[in-house]
Amino acid sequence: MNIKHVDVAVVGGGAAGMAAALRAKKAEIEDVAIFEWASELGGILPQCIHPGFGLDYFKENLTGPEFIQRFIEKVGESRITVMTDSTVIELEAGCPNKLLVSRSKLGLEEVRAKTVILTTGCRERGRFNLNLSGDRCAGIFTAGTAQRLMDIDGIMPGKRIVVLGSGDVGLIMARRFAQEGAEVTGVFEIMPYPGGLQRNVVQCLEDYGIPLYLGKTVIEVRGKKRVESVIVADVDENFNIISDTKTEVKCDTLILSAGLVPDWRLPRILPPAKGIDIDDRTSGPVVNDLFETSMPKMFAAGNFLMVNDTVDDVTFQGELAGESAAESIKFDDMRTNRIEWRDTVPGEGIRFVVPQKFSGKSDVRFYLRVKRPMEKVWIEIPEIGKRFFKKIVRPAEMVKIDLRAEDINDTPRLSFNLSVLKRRGKN
Amino acid sequence: MIKEITCIICPKGCKAAVEIEDMQIKNISGLSCKFGQDYVESEAIHPTRIFFSVIPIIGAKNISVLPVRTKKPIPKDLLKRGMNEIRGIKLNPPIKMGEVIIKNFLDTGTDLVASRDAEPDIDDST
Ligand SMILES: Cc1cc2nc3c(=O)[nH]c(=O)nc-3n(C[C@H](O)[C@H](O)[C@H](O)COP(=O)(O)OP(=O)(O)OC[C@H]3O[C@@H](n4cnc5c(N)ncnc54)[C@H](O)[C@@H]3O)c2cc1C
Ligand code: SF4
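Notes on the structure in this doc start here.

1. Regarding the overall build of chain B
Piece 1. The helix and strand tally for chain B stands at two helices and nine strands.
Piece 2. Listed N to C, the secondary structure of chain B is β-β-β-α-β-β-β-β-α-β-β in terms of helices and strands.
Piece 3. For chain B, the C-alpha atoms occupy an extent of roughly 70 × 30 × 15 Å along the three principal directions.
Piece 4. The proportion of buried residues among the 126 residues of chain B is 44%.
Piece 5. In chain B, the proportion of contacts linking residues at least 24 apart, taken out of those at least 6 apart, comes to 49%.
Piece 6. Carbon and sulfur atoms form 52% of the exposed surface of chain B, whose accessible area is close to 7,100 Å².
Piece 7. Charged side chains in chain B number 18 positive and 17 negative. The centres of these two groups are separated by 2 Å.

See below:
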């Protein structure tokens, strides 16, 4: 078998992967290679044809394809090796790391890489993750699959649509179906609040008069060959179905938009003893503030690290991982091995904090998700006596907190806690 | 007439009630700050959106439809007409990102442009 040697191997050629590769190359690393399963670079973005991308990164309102083509062009101009139709099927950590790559027509190839950056994105939760009972008929799609069919392959998946879950992809697809003249009966969300960004609730549902039903879910699918209807019902505060609210809704298509999880299909193949530590809260790897995983010289960024709301954040994360990978090659283990990593702790009201570890030696941007929507709150970090006021926080919107090295230099840990603003005079 | 508009400038998403008479705003209530004011005023009288869709493209590499967008936002009530306007069009590669597909789209003064490159599909097995 052909063996190839590289300095940086980037697994996954989406926004995170390309940003990482470009940054490593900019730091004058010689051999940077991107391995991408699909036939073209871009990841999920070529199918996200709506505007709303790059507001932060480019200060422009771009569509997904426009945003990503800028990166594809830059990668084309730099001397980065791009291998499309190339799936990394096995990964063994070590010095060097070993990757087994399946290159469709060309067969298997082994790659030895000084550092690896994992940017394989996320996948959608499907019917079986949702415990959706009923008939096994055609006409059930995840939102991302429907999006690909419509906006890459030009195929209309159905005419009468029910959307289960109000994640951003689902909201965006509800609008696409309405634009194309399909009837969108409604978006059903089990939580008492929408899962997607506020601007998507407004521009995708309110603009098109599509109803959003909160505290309601789909419990059964009916249909012989194709979906004919779904049964929807209200839930109580413990998410138990309230039986006497069951109603049948006619439709030919059910779109699932009930959450994304980092795509571990690849690294799971690692021998378990050498596996990467996983954070149960993000379902992604545990990383330090260089975005290095528990395996030295193995980095992670983008939706594989944590499910992000915007591609701008994904891109910034990719750049940080690329820079860290370059540095770990240049200075060998100088930085990472001799550092005593300290923990971040998601406290009261906080679902997760990334990075999970920090050195105290550099400035860090912390990404947080809250557990439920709240108004007028403080995010308090008692260890360093700092707090940040937020007018409103929602699970759908990532909270970002920037802390400077001098503020976190001495503290053995950092915990992030939500507390409600108290009125003066009380307590 | 009272129009309900959700402000999308910040995550708070205030719900404004806008009182409109003869295309004039009489009163806005429900907003928490002045940033929302501007957005809600223009949204109440002449809301605009970027129009986007896909157009079939024949013989292109990797894609069967080409994503398109208007360069600038157009009046919201033209979005439906926009969908009719592009119906029936078929494109051929090569097309470059930013290339004008329809000039002065629906007389709005802005062009409908390609959102990405499309290259001809050359069958590499032959
Ligand atoms: C429908 C939708 C709408 C969105 N709307 C917006 C929006 O309006 N504004 C905004 O800012 N953001 C939006 N986002 C979010 C943003 O697009 C994503 O967060 C971002 O593109 C993710 O980039 P990524 O590189 O982490 O992952 P991806 O783009 O998913 O890239 C991962 C890549 O890895 C490849 N891969 C996976 N496993 C392997 C393997 N084993 N070997 C080789 N390759 C592999 C995949 O093929 C893929 O190309 C949206 C996302 C979706 C899905
Ligand atoms: S009015 Fe102000 S506080 Fe309310 S959503 Fe708009 S910008 Fe935010």
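2. With respect to unusual backbone geometry
Trans peptide bonds make up most of the peptide bonds, and negative phi angles are found at most residues other than glycine.
Residues and elements named next belong to chain A.
Piece 1. At the junction of Cys 95 and Pro 96, the peptide bond is cis and its omega measures out at 0° in the coordinates.
Piece 2. Secondary-structure assignment places Pro 96 in the loop between strand E6 (87–92) and strand E7 (97–102).
Piece 3. Residues Val 354 and Pro 355 are joined by a peptide bond in cis, for which omega reads 0°.
Piece 4. Structurally, Pro 355 can be placed in the loop between strand E22 (350–354) and strand E23 (357–358).
Piece 5. Look at Ser 104: it is not a glycine, yet its phi comes out positive at around 20°.
Piece 6. Along the polypeptide, Ser 104 turns up in the loop between E7 and strand E8 (108–118).
Piece 7. Phi angles above zero are rare outside glycine, and Phe 239 is one such case at about 65°.
Piece 8. Its place among the elements puts Phe 239 in the loop between strand E16 (229–234) and strand E17 (247–250).

3. Side note on the packing of helix H1 (residues 15–26) of chain A against helix H6 (residues 311–330) of chain A
Residue and element names in this part refer to chain A.
Piece 1. As a packed pair, H1 and H6 sit with axes 7 Å apart at the nearest point and diverge in direction by 35°. Read as a crossing pair, H1 and H6 show a hand that is right-handed. Across the interface between the two elements, Ala 15, Ala 16, Ala 19, Ala 20, Arg 23 and Ala 24 of H1 pack against Val 311, Val 314, Thr 315, Gly 318, Glu 319, Gly 322, Glu 323 and Ala 326 of H6.

4. Looking at the side chain of Gln 198 of chain A
Piece 1. Take Gln 198 of chain A: it is sitting in helix H5 (residues 198–205).
Piece 2. In contact with Gln 198 of chain A, not counting residues within four places along its chain, are Arg 394 and Glu 397 of chain A together with Thr 6, Ile 8, Gly 13 and Lys 15 of chain B.

5. Topic: the interface of chain B and chain A
In many analyses, interface size is given as the accessible surface area lost on bringing the parts together.
Piece 1. At the interface, 26 residues of chain B touch 35 residues of chain A.
Piece 2. Between chain B and chain A lies a buried interface of about 2,800 Å² when both sides are counted; carbon and sulfur atoms form 54% of it.
Piece 3. At the surface where chain B touches chain A, the tally comes to four salt bridges.
Piece 4. Between Arg 69 of chain B and Glu 66 of chain A there is a salt bridge, with the nearest N and O atoms lying 2.7 Å from each other.
Piece 5. Connecting chain B to chain A are twelve residue pairs in polar contact (both at pLDDT 80 or more).
Piece 6. The set of elements that each furnish at least two residues to the side of chain B that touches chain A consists of strand E5 (52–56), strand E6 (65–70) and helix H2 (79–86) of chain B.
Piece 7. Residue composition of the side of chain B that touches chain A, by class: twelve nonpolar, six polar and eight charged.

6. A few points about the site of ligand 1
All names here are of chain A.
Piece 1. Taken together, 34 residues lie near ligand 1, and Glu 36, Ile 44, Val 169, Asn 303 and Val 311 sit nearest.
Piece 2. Here a nitrogen atom of ligand 1 and a backbone polar atom of Trp 37 are 3.1 Å apart.
Piece 3. At 2.8 Å from an oxygen atom of ligand 1 is found a main-chain nitrogen or oxygen belonging to Asn 303.
Piece 4. Summarising the interface, the protein chains cover 91% of the accessible area of ligand 1, which totals 1,000 Å² for the free molecule.
Piece 5. Where the shell around ligand 1 is concerned, the elements lending two or more residues are H1, strand E3 (51–53), E6, helix H4 (168–179) and H6.
Piece 6. Ranked by the residues each element gives to the shell around ligand 1, the list is headed by H6, at three residues.

Parameters at a glance
- Residues numbered from 1 in each chain as written.
- Chains lettered and ligands numbered in written order.
- Predicted model: local features only at pLDDT ≥ 70, side-chain atom pairs only at ≥ 80, totals over all residues.
- Heavy atoms only, no water.
- Helix = DSSP H or I, 4+ residues; strand = E, 2+ residues; numbered from the N terminus.
- Buried < 20%, exposed > 50% of the residue type's maximum accessible area, 1.4 Å probe, protein only.
- Contact = heavy atoms within 4.5 Å.
- Areas by Shrake-Rupley, 256 points an atom, 1.4 Å probe, with all protein chains shown as cover.
- Lys, Arg positive; Asp, Glu negative; His and termini not counted.
- Charge placed at Lys NZ, Arg CZ, Asp CG, Glu CD.
- Axes fitted to C-alpha atoms, helices over the stretch in contact; angles between N-to-C directions.
- Left-handed = near helix turned anticlockwise from the far one by under 90°.
- Buried area = accessible area lost by both parts, 1.4 Å probe.
- Salt bridge = Lys/Arg side-chain N within 4 Å of Asp/Glu carboxyl O.
- Polar contact = N/O pair within 3.5 Å; in protein donor to acceptor, adjacent residues only side chain to side chain.
- Nonpolar A, V, L, I, M, F, W, Y, C, P; charged D, E, K, R; others polar.
- Near = heavy atom within 4 Å.

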